[in-house]
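Structural overview for review
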Amino acid sequence: MGEFLEAAFISGLLGAMMRMATPIIFATMGEILAERSGVLNLGIEGIMLMGAMTGFLVTFGTGSLWLGVLMAAIVGMILGLLMAFLSVNLGLSQHVSGLGITLFSTGLAMFIYRLYFGSPTVPPIVQPFKQVTLPFLSKIPVIGPGLFTQYTLTYLAWLLIPVMSILIYKTKMGLKIRTVGENPVVADTVGVNVILTRTLCLVVGGALMGVGGAFLTLAHQNMFLIDVIGGRGWVSIAMVIFGNWDPLKGAIGALIFGFLDGLQLRLQGLGFHISFHIFLMIPYLLTIVALIGVSRKASVPASLLKPYRREEKGG
Amino acid sequence: MSSITKRFLDVTANSDIDFNLYPGEICALLGENGAGKTTLMNILFGYYTCDEGEIFIKGEKAELSAPRDAISRGVGMVRQHFALVPSQTVLENIIIGTDSGKGLFLDLKSAQTKLLRLQKKFGLQVDPDARVWTLSVGEQQKVEILKALYRDVDILIMDEPTAVLAPAETVELFNTLKSMVKEGRSVVFISHKLNEVMEIADRVVVLRGGRVVAGRKTSETSIKELANLMVGRDLLERLEKKKVRPGKPVLEIENLSALNDKKLLTLKGLNLVVRKNEILGMAGISGNGQKELSEALFGMRDTIGGAIKINGEALRSGSPASAIESKMGRIPEDRIDTGLMMDLSVEENLILENHATPEFQRFGMMNFKKIHQFSEDLIGAYSIMTSGRDAVTSSLSGGNLQKVMLARELAGRPTVVVASQPTRGLDVGAMEYIHQRILQEKERGAGVLLISEDLDEIFALSDRITVLYEGVIMGDVPVAEASREQIGLWMSGVTK
Amino acid sequence: MIRMRITKREPLPKWARVVIPIAAIITTLILSAIPILLAGGHLWKSYYYLFYGALGTRFNLLETFVKASPLLLTGLAVAFAFRAKFWNIGAEGQLLAGALAATVLGVSLGGIPGILVLPVVMLGGFLAGGIWAAIPAILKTKLKVDDVVSTLLLNYVMIHIMGALLFGPLQQPGSSWPRSSAIIEAAQYPILLTRSRFHLGILIALLAVLVIWFINKRTVFGYRSKAVGVNIRAAHFGGINTTAVILWTAMVSGGLAGLAGVGELCALQYRLIMDISPGYGYSGIVIAMLGNLHPVGVLFSSLFFSVIIVGAHTMSRMTGVPTYIAEVIQGMALMIMLIFLLFTEYRIKVVRK
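Computed from a prediction, not measured in an experiment: that's the story for all the values here. (Residues numbered from 1 in each chain as written. Chains lettered and ligands numbered in written order. Predicted model: local features only at pLDDT ≥ 70, side-chain atom pairs only at ≥ 80, totals over all residues. Heavy atoms only, no water.)

1. Some remarks on the overall build of chain B
- The helix and strand inventory of chain B stands at 17 helices and 23 strands.
- Relative to the 2.2 N^0.38 estimate, which gives 23 Å for 496 residues, the radius of gyration of chain B is 24 Å and therefore close to what a compact globule would have.
- Overall, the C-alpha framework of chain B stretches about 65 × 50 × 45 Å when taken along its three principal axes.
- Going through the 496 residues of chain B one by one, you find that 56% of them count as buried.
- Long-range pairs, those at least 24 residues apart, make up 66% of the contacts in chain B between residues at least 6 apart in sequence.
- Total accessible area on chain B stands at roughly 21,100 Å², and carbon and sulfur atoms take up 50% of it.
- Charge separation in chain B, taken as the distance between the mean sites of 61 positive and 67 negative side-chain charges, equals 2 Å. (Helix = DSSP H or I, 4+ residues; strand = E, 2+ residues; numbered from the N terminus. Rg over C-alpha atoms; globule rule 2.2 N^0.38 Å. Buried < 20%, exposed > 50% of the residue type's maximum accessible area, 1.4 Å probe, protein only. Contact = heavy atoms within 4.5 Å. Areas by Shrake-Rupley, 256 points an atom, 1.4 Å probe, with all protein chains shown as cover. Lys, Arg positive; Asp, Glu negative; His and termini not counted. Charge placed at Lys NZ, Arg CZ, Asp CG, Glu CD.)

Okay, here's the thing in structure tokens:
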């Protein structure tokens, strides 16, 4: 039991928590933006995968990590735009548009990867990001070294949380987004461009999702595998509900998931003989349990899932 | 607006309409339901685009493809169903989309100051920090008007504004409109209520069947003339009423209590009796518990106390099946969302409640021969205008949708009929049909509870009249002894 | 500024319902030229091998049916659920649940008469899939948990349950790989045509098409399922027990997916492995949408998919285009189909200002 309380263990665990949570934070923030404007973006898993592949590919080809991240964001934006076209402009079912994009992106990502790399016996790798230690904060006893030695992208994820909160609650754009999400008719009659607002949210959200995916191949690991996203996109969808569509609460959910993920790895390392797979299951089960607790009083954006069409005359 | 034409799928809502508005006047747009008034104003507001015709605002040609174009030209609209976000505050609802504040950020302080100034000037007091869902309907309408004033509109369109107001609130509204107009602004007042039009408007334009039939100054016309113009014939409904003696109670509501969606107590120990061969008309402005009462009766809302009994047998709370089993015919006020499945065929809607009876199915398999016969019979009996029993229900007009509803609910010769706002939004022809049907049901032997905001309808059909105010019954009087004044007082909560 | 105006149009004649999906498929195939060319493949050669690989020889054609069988079942599963607006994204997990149950039964039923083994195994697989789908259905109806998320997350839970069992109690004695022992011979799906892998499961899948069609069109359950999907509030108003309908719909849906798992196990692999499903459950979603949620549509779209998947392997071997083009084509087919379906209901006008 003693080993749990050792500073190194706790520190390591906290560090892992932040690392594992990072892609989920990016993705969750992106999804919150989309859903607040009234669009459920189920393309998230596919967009993250395309982001992961694009980032890896560009970095491999150019040697520049940040260029890889940038391209991943751009690819995410393009896919977000596609989602907007299908579900907002055309008003197709959001469920199906999103799933279509995930399926298409998954195939596309693997296709392009194969095209470029073929099927090598040893998977190609890149030189990943290095972790950065923050000067003062990392000296805090016990939690310092773990929490404040992270990749730059992780620090950016931390910054993203308050930025999102301010955007949604304190800016004019945020009020527009929230109104579009609650009642697009109201927004339209006040002169807000519903389609443009939703499109912007999907595009920016897509960029964030792409970056979240790229984190996994450029920082966390240094190679690209077909299951590199491993369902984290779907977990982000759950985290949005868990956090009641609030950036801070959603991030807390992401941290909890990251904590469990990190804990599970460490417990393996300490020789606990419970099956590896049972551990992997726990984060997902707990997410479901969390959803049960939260779904009762969820404040779903009221127009979520409904396409907005003006010219329909009711009976 | 000149030569405005607007078509939807198979209906021409506006046909070659010319409409002019002058500064500093209140112009009423009069017509019955379906005449095209709201459509025309939606075009002016940019919500719809016209297929033909042109619009000139303050002398300039206006291309309006979205509400924001109309707003930028000084046009504002307050609709029947308020365009407010219930979960947001009054202030947030008013400033959304405006450019208040510096740069990116919301500046709530200065917006609030401006708002309070406007409130004082026009006498529209509402708490800026209150969340809209907590406000009464009258207060919500004030917020809507403030929204328009905040944007400094020159033209304000109001669509049936008094439908949801108590008489006292209507007076307040008219005062507000008069003070707006004194400043040189103009108001378009859409209505089908003749006495109000005569009271508040300077001019009136009458629409019928999508066309302009007349324009008059209110000082130069009369209610009778306007009524004639509006309908094209005598307004008096020809209802054949047979005299029937009411029998024993068939519907008894005892001490019924229920919560509304916000978990507030809305029905407070209600007691009510409807007898066989009788129509009990329940008047009252919406928002006083009618929705909750009808939902409780239909089995769509759990009750927390009391009982509903049909022929002495209590219904199970919150169970539509129980209401159906007890032979209640139910006409919900929201026929589209609650009662009908618009994407299914007419037949599929007609058999919703009896598809599983032994007559129409065996071992889980449906007997289509009998079902087809059933639906064909009903379509004929109720003169439902449709291309056939397989027609998709969304292709039907409002009146025919209600006929489908009636056909389904009355097919089983129910013991009790509960009809909530049955003629809302329907044209006069459909209204007449439905009124006649309701009378027929009463004569057949049903006990009918008619819940309606339309006092004319209540007085025309009921044997007894009662009023629902804030979840409680205010009085109960036979129609022969009832006066509009008395009912109006009860509707405003004044007990004798 | 380009703006699009979308207005409802008059309903199209009945033949459009068949022509439009076909037009969508043709458009997809034409657009597939882009990734093929990007991959450096020779265009006509690629198309040729795509179709030859799927339909060119007797063996290839029968293989196409073999591959179509699980797709057809998951497609039906998803279509049936979606029709009631139960967004079953968990067909993959339900498939695995079925395969798992079939493994347990298939390995241990040596003691009972041979002729009973297959029916018991199939029933077990059906029930396992049904139960795995019932869980999110209960969560949705009683606890208001979103079905998209819960069915998705349960996929991952089931994968790990399978992993835990395959590294544990179900693991083949003596092996260090996550694989189970082989199922007994009586549990194997008989091969119906010589020199091929055309097995009983294919007939079962085809039978399922008829059964689901029948349920949808002729039964009270089918009517209620459709009503709940169109307007759950009105269905409730009409006295339908919507909770029960959703639950039963979910169980049938999960059961069908479970049968797909049983098929893969008992007809092809004969033992449980981690990779028993290359995403059939997810493909089922696309297939269901392509088939417009109608059983016959699902039949044709599963065949289409199967042609693409089987053909892509041959194409890949002969022209070097990566096999993942199959997924790319699938994704494109879905989006194109959605857009075309939109045209059946709405007219789009592009307005230049």
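2. Observations regarding the environment of B:I310
Residues and elements named next belong to chain B.
- With respect to the helices and strands, I310 occurs in strand β15 (residues 305-310).
- Here I310 falls in the buried class, since its relative accessible area comes to 4%.
- Each C-alpha atom of the pair I310 and T89 lies 44 Å from the other, and the pair is 221 residues apart in sequence.
- When neighbours within four sequence positions are excluded, I310 is seen to be in contact with V250, L251, L315, S326, M328, T415 and V416.

3. Regarding the interface of chain A and chain C
- Each partner contributes residues to the interface: chain A has 46 residues there, and chain C has 48 residues.
- Of the roughly 4,100 Å² buried between chain A and chain C on both sides combined, carbon and sulfur atoms contribute 83%.
- Counting the contacts that link chain A with chain C gives 0 salt bridges.
- Taken together, chain A and chain C are joined by 1 residue pair in polar contact (both at pLDDT 80 or more).
- Mapped by element, the contributors of at least two residues to the side of chain A that touches chain C are α4 (65-89), α5 (94-117), α11 (232-242) and α13 (276-295) of chain A.
- The element that contributes the greatest number of residues to the side of chain A that touches chain C is α5(A), accounting for 14 residues. (Buried area = accessible area lost by both parts, 1.4 Å probe. Salt bridge = Lys/Arg side-chain N within 4 Å of Asp/Glu carboxyl O. Polar contact = N/O pair within 3.5 Å; in protein donor to acceptor, adjacent residues only side chain to side chain.)

4. Re the sheet that holds strand β21 (residues 447-451) of chain B
Residues and elements named next belong to chain B.
- Reading across from one edge, β17-β20-β21-β14-β22-β23 is the order of the 6 strands in this open sheet, with mixed pairing throughout. Strand pairing shows two members of the sheet lacking a second neighbour, β17 (328-331) and β23 (472-478), which therefore form its edges. Ignoring which end each strand starts from, the neighbouring axes of this sheet average 15° apart.
- Judged from the 4 bridges that link them, β17 and strand β20 (residues 416-420) form a sheet pairing that is parallel. Residue pairing across strands places R330 opposite V418, the latter belonging to β20.
- Against the sheet, helix α17 (residues 484-491) touches β14 (278-283), β22 (464-469) and β23, its axis set at about 25° to β22. (Pairing = 2+ DSSP bridges. Axes fitted to C-alpha atoms, helices over the stretch in contact; angles between N-to-C directions.)

5. A closer look at the nonpolar core
- Counting residues in hydrophobic clusters, the biggest one holds 186 residues, and the most contacted among them are A:M29 and A:F224.
- Per-element tally for this core: the top contributor is helix α14 (residues 325-345) of chain C, with 13 residues.
- Excluding anything up to four places from it in sequence, A:F224 contacts A:L49, A:A52, A:M53, A:F56, A:M110, A:Y113 and A:T217.
- The next biggest cluster of nonpolar side chains, apart from the first, holds 89 residues, and it includes A:V190, B:F82, B:M180 and B:A201. (Core = buried A, V, L, I, M, F, W, Y, C linked by side-chain atoms within 4.5 Å.)

6. Quick word on the packing of aromatic side chains
- Counted by the stated rule, this structure contains 24 aromatic pairs over all chains.
- Centre to centre, the rings of C:F304 and C:F305 are 6.1 Å apart; their planes meet at 70°, and the pair counts as edge-to-face. For the pair shown, C:F304 and C:F305 are each scored as buried.
- The structure contains a cluster of three or more aromatic residues connected by ring pairs, namely A:F56, A:F60, A:Y113, A:Y116, A:F117 and A:F224.
- Positioned over the ring face of C:F237 is B:R330, at 3.9 Å from the centre of the ring. (Phe/Tyr/Trp six-rings, centres within 6.5 Å; stacked < 30°, edge-to-face > 60°. Lys NZ or Arg CZ within 6 Å of the ring centre and 35° of its normal.)

7. Observations regarding the domain arrangement of chain B
Residue and element names in this part refer to chain B.
- Taken as a whole, chain B is organised into domain 1 (2-231) and domain 2 (249-491).
- Here the C-alpha centroids of domain 1 and domain 2 sit 33 Å apart.
- Contact with domain 1, which involves 7 residues of that partner, is made by 8 residues of domain 2.
- Of the roughly 700 Å² buried between domain 1 and domain 2, counting both surfaces, carbon and sulfur atoms make up 62%.
- When the area that domain 1 buries against domain 2 is broken down by residue, the three leading residues are E32, N33 and W133, summing to 51%.
- Put simply, domain 1 and domain 2 have 0 salt bridges between them.
- Its residues assigned to classes, the side of domain 1 that touches domain 2 shows 5 nonpolar, 1 polar and 1 charged. (Domains from an automatic or database assignment. Nonpolar A, V, L, I, M, F, W, Y, C, P; charged D, E, K, R; others polar.)

8. Some thoughts on the interface of chain A and chain B
- Counting residues at the interface gives 25 residues for chain A, matched by 37 residues for chain B.
- Taken together, the links from chain A to chain B amount to 1 salt bridge.
- Residues A:R178 and B:E92 are paired through a salt bridge, measuring 3.5 Å at the closest nitrogen-oxygen approach.
- At the surface where chain A touches chain B, the tally comes to 0 residue pairs in polar contact (both at pLDDT 80 or more).

9. Concerning a nonpolar patch on the surface
- Nonpolar side chains collect at one region of the surface, where A:L67, A:L70, A:I74, A:M77 and A:I78 lie side by side and expose about 420 Å² of accessible area between them.
- Within the element layout of this structure, A:L67 appears in helix α4. (Patch = residues over 30% accessible without salt bridge, like charges linked within 9 Å, V, L, I, M, F, W, Y side chains within 5 Å.)

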